[in-house]
Amino acid sequence: AQTVTQSQPEMSVQEAETVTLSCTYDTSENNYYLFWYKQPPSRQMILVIRQEAYKQQNATENRFSVNFQKAAKSFSLKISDSQLGDTAMYFCAFMMTFGGGSNYKLTFGKGTLLTVNP
Amino acid sequence: GAGVSQTPSNKVTEKGKYVELRCDPISGHTALYWYRQSLGQGPEFLIYFQGTGAADDSGLPNDRFFAVRPEGSVSTLKIQRTERGDSAVYLCASSLNPGELFFGEGSRLTVL
């Protein structure tokens, strides 16, 4: 079974600063996807960024980027120029893939509560 | 609507009662997921559908939980003989591309 571990229950950062959230995972599979999802207070969860394991290049989406270390099974999220609206729970998630573009179940970590302070 | 719709948004019931939670996914999304989230925890997988069939129901905790998606669109999560430990937010999500889930706002279930 796959497991996803987020070792930082809570973090805080000053507005405009950079913060990195950690995630490690355990799997014996070689083909999989990794994700970061964001859950703002009292709002629904949304996808932030996605990484395919076969791609060596780290994914980026505007101010969000990842550091994917496949051998170490590490997948951290870096948020640059933090904004007040980034305050949320952040969940790391893992999904196996067997090719063909099909969906499978996502396994989520327990989350990191990020607070951006003015 | 444009997003995933879940009803009811809040449900309070008594121990032992039967509950149904409904999810209306984004039109055209073939995959539909149910998760359960307790306070301060990550979403816990329950079941997912690919079309009308349950592709993976390994997360259903016991036989009191059942879900259907008869026409490949709307899904209903059914909980029999509810227990206080079933209290949680039940999240539904739909997806077209692998892992790109669109979540609803959830149904908060409280079992007294």
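Reference entry: report on the structure contained in this document. Values in this document were obtained by computation on a predicted structure and should not be read as measured data. Numbering of residues starts from 1 in every chain and runs along the sequence as written. Whichever chain is written first becomes A and whichever ligand is written first becomes 1, with later ones labelled in order. Predicted model: local features are reported for residues with pLDDT of at least 70 only, side-chain atom pairs are reported and counted for 80 or more only, and whole-chain, interface and lining totals are derived from all residues. Side-chain measures were taken over the full set of non-hydrogen atoms in the model, leaving aside hydrogen atoms and water.

Two cysteine sulfurs form a disulfide in these notes if their separation is within 2.5 Å. Scanning the model with the defined rule gives 2 disulfides over all chains in all. Here Cys23(A) engages in a disulfide with Cys92(A); their sulfurs sit 2.0 Å apart. Handedness here is read from the sign of the S-S torsion; for Cys23(A) and Cys92(A), about -70°, the answer is left-handed. You can see Cys23(A) sitting in the loop between β3 (19–21) and β4 (24–26) and its partner Cys92(A) sitting in strand β10 (residues 88–96), a full 69 residues away along the chain. No difference in accessibility class separates Cys23(A) from Cys92(A), as the two residues are buried. Between the sulfur atoms of Cys23(B) and its disulfide mate Cys92(B) the distance is 1.9 Å. Disulfide Cys23(B)-Cys92(B): the torsion about the S-S bond is -70°, which places it as left-handed. Of this pair, Cys23(B) sits in strand β3 (residues 19–24) while Cys92(B) sits in strand β9 (residues 88–95), and the two are 69 residues apart along the sequence. The burial state of Cys23(B) is the same as that of Cys92(B); both residues are buried. Each helix is a run of H or I in the DSSP string that is no shorter than four residues. Each strand is a run of E no shorter than two, and both are numbered from the N terminus. Each residue is assigned to one of three classes by its accessible area relative to the maximum for its type, calculated with a 1.4 Å probe on protein chains only: buried under 20%, partly exposed between the two thresholds, exposed over 50%.

Attention now goes to the sheet that holds β3(B). All names here are of chain B. Taken together, the 4 strands give an open sheet; going across it, the order is β1-β3-β8-β7, and neighbouring strands pair in antiparallel fashion. Edge positions in the sheet fall to β1 (5–7) and β7 (65–68), since each has one partner strand and no second. On average, each strand axis in the sheet is tilted by 15° relative to the strand beside it, whichever way the strands run. Strands are labelled as partners when DSSP assigns at least two bridges between them. Where β3 lies against strand β8 (residues 75–79), 5 bridges are found, and the strand directions are antiparallel. By the bridge assignment for β8, Glu20 is matched with Lys78. Think of each axis as a best-fit line through the C-alpha atoms, taken over the contacting stretch in the case of a helix, with angles from 0 to 180 degrees between the N-to-C directions.

The next subject is the packing of aromatic side chains. Planes of paired rings set the category: under 30 degrees apart is stacked, over 60 is edge-to-face and the rest tilted, where pairs are Phe, Tyr or Trp rings (Trp by its six-membered ring) whose centres lie within 6.5 Å. Tallying each qualifying case throughout the model produces 17 aromatic pairs over all chains. Measuring from ring centre to ring centre gives 6.2 Å for Tyr33(B) and Tyr35(B), while their planes differ by 20°; the resulting arrangement is stacked. Ring plane angle 50° and centroid distance 6.3 Å describe the contact between Tyr35(B) and Phe103(B), whose orientation is recorded as tilted. Placement of Tyr35(B) in strand β4 (residues 31–37) and of Phe103(B) in strand β10 (residues 101–103) is noted, with a sequence separation of 68 residues between them. A relative accessible area of 0% places Tyr35(B) in the buried class. Among the residues examined, Phe103(B) registers a relative accessible area of 4% and is labelled buried. Through pairs of rings, three or more aromatic residues link up here, namely Tyr33(A), Phe35(A), Tyr37(A), Phe91(A), Phe108(A), Tyr33(B), Tyr35(B), Phe45(B), Tyr48(B) and Phe103(B).

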